Every structure is written in structure tokens, then in C-alpha cells.
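The lines below spell out each chain.
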Amino acid sequence: MEQKLLLSQLATDTLKGLSANPKYLLSKYFYDDMGSAIFQDIMHMPEYYLTNCEHEIFSKQKNELLKVFSNNGDTFNLVELGSGDGSKTKILLHHIFNKGVDFQYLPIDISQKTNDSLAANLKAELPGLIVKPKTGDYFNELQKLTSDDSIPKVIFFLGSNIGNFSNEETAEFLGRLSAYTNSGDKVLIGFDLKKSPTVILKAYNDPHGHSRRFIFNHLHRLNRELDAAFDPQDFVHHCTYNPESGELKNYLIAKTEHNAQIDALEQVFHFEKWEPVFMELSRKFDLETIGQLATDHGFEQIRNFTDSRNYFVDSLWER
Ligand code: AVI
């Protein structure tokens, strides 16, 4: 039932995106099982500095982080939106648990499979920790938490996932985050910062080809799930970085003029030679913009935790 619903949403969004001028596809569809596995490869490569930076911030500043999460060891719920395998968060979970602080970990993820494996993993690693995974939409789950709980929350949204949102989506996301938090609740949001364009472009145009595979997986997914007939040979991956706006953009560009049939949509799409299909935005921020986002959405910025190279920031805000 759920599979059918997801499929029809994919079909609807694909029809809309490929009928638009200029054409686009939505990056949220990168993350099927195959795409999630490729993203793990991306996170493990040295050029993709984002993961290492956040890992460094958590490893080196765990004491300071805990101090701002919990005044005098007061209890709290640590909620994580899009927890995935929780690899970075585990550094903090170990630390907070070992300090004897009374807290529960509530990871929220869209994938039941991911949640099950995280829960099993934490049970083995930290047997005494209370873990209550929630599977589903971030805000549906957050709403349930807000309505039935008076324990202060610290909400994580890590990895610069926020960078994949357009300005409108960012405003909507932060607006809803604000609506589902109470006075005194805190949020920790990971933002990738503006830096040398060479460093940024290498992270998204890596020599191992993982980023290319990641972007192309979208076409493979359409071939698999919508009976599309895309030939990856007809496209080339291209990424651009605009140092003024901080926008890293991923495209697929048609190498030849051609048609591609999508059976599930009963439609043929025409591509001109060198026609771009916009695939993903990955925005890089400056500290001033981050502070502005906090105040615009009713949060007070408490502290920025940066890595030693100032490549990345985990920004802590309070409602
Ligand atoms: C998930 N997200 C934060 C990644 C990013 O860096 O924007 C997705 C990604 N796209 C290409 N490489 C990684």
C-alpha cells in the first residue's frame, strides 16, 4: 500500500519536473536502497570533508556540547531528524551516557530498516541506553512528541541536510521546527560553510566517481520503478559552485538530442543536445545568514561549534 503511494508520488513529481522548462528532478528521490548505499561511499571518501568535520566537532567538543544540552545534568530527550546509521551521534550518545545523564534517544527516520539496524546496533553498544526509534515523516513524529511530553527536547538535524533545501523549503522547515518546539527546547543544525571553491567542487566531483554514480542512480531508479528507458550514456554529470550565493548545483546534461520513454507515465520526453536537468542544490552558508535564519524563525542562537578548519558549523539554537 505504502509502496504504491510512494511510487505514484515519484511518478507525479517526475512528470512535473520533466515537463518543466528548465527540466528538474527532485533530489529527495536519490535515497532508495541503492542511493543510500552510494551516499555511504560518499561519506567515507576523504574529499567529502563534511562528515569528517562534524565527526571532529563531536569528538573534540563533546563536553561543551553536553553542557549546553543539559543544565546541571537535567533530563532531556535527544531527538534526531533523519538519524540514518547515527554514526556521528553515537560519539555523543556514548559520552552523555557515560556521564550518567538521564536522557532518552529518539531517532526519527523515514526508513524502518535503517531504524531497526540502528536500534539493534545501539542495544549491543550501549545496552542501558533508552532508544525509541520513530519511523515516518519528521514533523508527524515531532508533533506526537510535542503533544504528549513535557521533557525538554534537543533536536538534531545534522550533515548539512538543510543545504539541500531551497529558500522556500528552508523557511517551511524552520517554521515547522519552531511550531513543534516549546520554550527552552534546543536545536542543533549542521551547516556546510562557504570555503575555497576548489575544496567544495572536489567533494562533489570526486575522483572515485561516487558522486557521479549517486546522481545517475536517479535515472536508474526511474528505469527500475517507472519503466523508463533512460540510457545513462546520453547524459553527463556536471556540477557548479557560485561563491556569491553559496549554491552548489548538480546537473545531468544531455550529450545528444534524444527522446526517452517513461512507460508508467505513458509519455516520451524530448531532450535537446546540451539541455540541463537540475538534480540537486547543496547550499553553503555564512555565519551571518545562519544567525539570521535563527532569529527569523523565533530561535536564539546560543553557540556555534566549528571544526578546526572552519569548514562546517553545528549551530545550537534555543526556542
Ligand atoms: C545529504 N546531503 C547533505 C548531501 C550534500 O552534501 O548535499 C548530498 C550529496 N549530494 C552529492 N553528494 C552528497
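Residues numbered from 1 in each chain as written. Predicted model: local features only at pLDDT ≥ 70, side-chain atom pairs only at ≥ 80, totals over all residues. Heavy atoms only, no water.

Peer 1: Could you clarify how one ought to interpret the pattern of salt bridges in this entry?
Peer 2: When the charged atoms of two side chains with opposite charge come close together, those side chains can pair. A full pass over the atoms with the stated rule returns 16 salt bridges. When the shortest N-O distance is used, the salt bridge between Asp286 and Lys194 registers 3.6 Å. Of this pair, Asp286 sits in the loop between strand S12 (276-283) and helix H11 (287-296) while Lys194 sits in the loop between strand S7 (186-192) and helix H9 (197-204), and the two are 92 residues apart along the sequence. Accessibility expressed as a relative area gives 28% for Asp286, which makes it partly exposed. Arg221 serves as the salt-bridge partner of Glu225, at 3.0 Å between the closest nitrogen and oxygen. Residue Glu225 and its partner Arg221 are located together in helix H10 (residues 210-225), separated by four residues, close to a single helical turn. Judged by its relative accessible area of 23%, Glu225 is partly exposed. Classification of Arg221 by relative accessible area gives buried; the value is 12%. Several salt bridges share partner residues, and in doing so they unite Asp192, Lys195 and Lys284 into one network. (Salt bridge = Lys/Arg side-chain N within 4 Å of Asp/Glu carboxyl O. Helix = DSSP H or I, 4+ residues; strand = E, 2+ residues; numbered from the N terminus. Buried < 20%, exposed > 50% of the residue type's maximum accessible area, 1.4 Å probe, protein only.)

Peer 1: When you look at helix H3 (residues 49-60) in this model, what are you seeing that I'm missing?
Peer 2: Over its 12 residues, H3 extends 16 Å from the first C-alpha to the last, a length consistent with the 16 Å expected when each residue adds 1.5 Å. Taken together, the buried positions of H3 are Tyr49, Leu50, Thr51, Cys53, Glu54, Ile57 and Phe58. (Expected span 1.5 Å × (residues − 1).)

Peer 1: Would you mind showing me how to read the packing of helix H5 (residues 89-98) against helix H6 (residues 112-125) here?
Peer 2: The relative placement of two packed helices comes down to the angle between their axes together with the axis-to-axis distance. Packing of H5 against H6 brings their axes to within 12 Å, and their N-to-C directions diverge by 35°. Considering how the two elements wind past one another, H5 and H6 form a crossing that is right-handed. In this structure, H5 uses Lys90, Leu93 and His94 to contact H6, whose residues at the interface are Leu118, Asn121, Leu122 and Glu125. (Axes fitted to C-alpha atoms, helices over the stretch in contact; angles between N-to-C directions. Left-handed = near helix turned anticlockwise from the far one by under 90°. Contact = heavy atoms within 4.5 Å.)

Peer 1: When you look at the site of the ligand in this model, what are you seeing that I'm missing?
Peer 2: Near the ligand the following residues occur: Tyr31, Phe39, Ile42, Tyr48, Gly159, Ser160, Asn161, Asn164, Tyr204, Phe214, Glu280 and Ser282. Within the contact set of the ligand, an oxygen atom lies 2.5 Å away from a side-chain nitrogen or oxygen of Tyr204. One nitrogen or oxygen atom from the side chain of Ser282 is found 2.6 Å from an oxygen atom belonging to the ligand. Partitioned by chemical class, the residues of the shell around the ligand number six nonpolar, five polar and one charged. (Near = heavy atom within 4 Å. Polar contact = N/O pair within 3.5 Å; in protein donor to acceptor, adjacent residues only side chain to side chain. Nonpolar A, V, L, I, M, F, W, Y, C, P; charged D, E, K, R; others polar.)

Peer 1: Could you clarify how one ought to interpret the nonpolar core in this entry?
Peer 2: Nonpolar side chains tend to gather and get buried jointly when the protein is soluble and globular. Judged by nonpolar contacts, the single largest core of 66 residues is most densely connected at Phe69 and Phe230. Leu106, Ile108, Leu293 and Phe299 belong to the second largest nonpolar core, which has 26 residues in total. (Core = buried A, V, L, I, M, F, W, Y, C linked by side-chain atoms within 4.5 Å.)

Peer 1: What is the right way to look at the packing of helix H4 (residues 62-69) against H5 in this model?
Peer 2: Where H4 meets H5, the closest approach of the two axes is 10 Å, and the angle between their N-to-C directions is 70°. With respect to H5, the element H4 is oriented roughly perpendicular. The handedness of the crossing between H4 and H5 is right-handed. Between H4 and H5, the contacting residues are Lys62, Asn63, Leu65, Leu66 and Phe69 on the first element and Ile91, Leu92, His95 and Ile96 on the second. Residue composition of the contact of H4 with H5, grouped by class: six nonpolar, two polar and one charged. (Parallel < 35°, antiparallel > 145°, perpendicular 65-115°, else oblique.)

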